[in-house]
Amino acid sequence: MSKASKLTLLGTSLFALGTVVFVHYQQKAEQQAMHQGVIRDMEQQRLKRERQADFDMQRALEAEYKKDQSVRDTTAEMDPALSKRGGLNVPVAR
């Protein structure tokens, strides 16, 4: 073989080897990124379950408090003159 053909063979072999190595490392990096996405999703689901449990507990406490206390709407008792002037809405003494 001539020197030019040997160099061509060497160059193409190195290029092929480099391509294989690059693709291998790229696939590993993508696999790790996908795995991190799964871990992140699991963490988000855990947080969502915790928040839902907290919300349910707060709703149960609210229902219990409403059962024990009388709650009335005070917005109907606000003085309309104060709200027109931009003052504070204070319940009207009756």
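Residues numbered from 1 in each chain as written. Predicted model: local features only at pLDDT ≥ 70, side-chain atom pairs only at ≥ 80, totals over all residues. Heavy atoms only, no water.

### Overview of the pattern of salt bridges
Keep this limit in mind: We count a salt bridge whenever a side-chain nitrogen from Lys or Arg sits within 4 Å of a carboxyl oxygen from Asp or Glu. Only DSSP runs of H or I reaching four residues or more are called helices, and only runs of E reaching two or more are called strands; each is numbered from the N terminus. Exposed residues in this analysis have more than 50% of their type's maximum accessible area, buried residues have under 20%, and partly exposed residues fall in between, with area computed by a 1.4 Å probe over protein chains only.
Inspection of every chain in the model, using the stated rule, returns three salt bridges. With a shortest N-O distance of 2.3 Å, Arg46 and Glu50 are connected by a salt bridge. Of this pair, Arg46 and Glu50 both sit in helix H1 (residues 3-68), four residues apart, which is roughly one turn of that helix. Assessed through its relative accessible area of 39%, Glu50 is described here as partly exposed. Lys66 is paired through a salt bridge with Glu62; the nearest N and O atoms lie 3.2 Å apart. Pair noted here: Lys66 and Glu62 are both in helix H1, with a separation of four residues, about one helical turn. Beyond isolated ion pairs, a larger network of salt bridges with shared partners links Glu43, Arg46 and Glu50.

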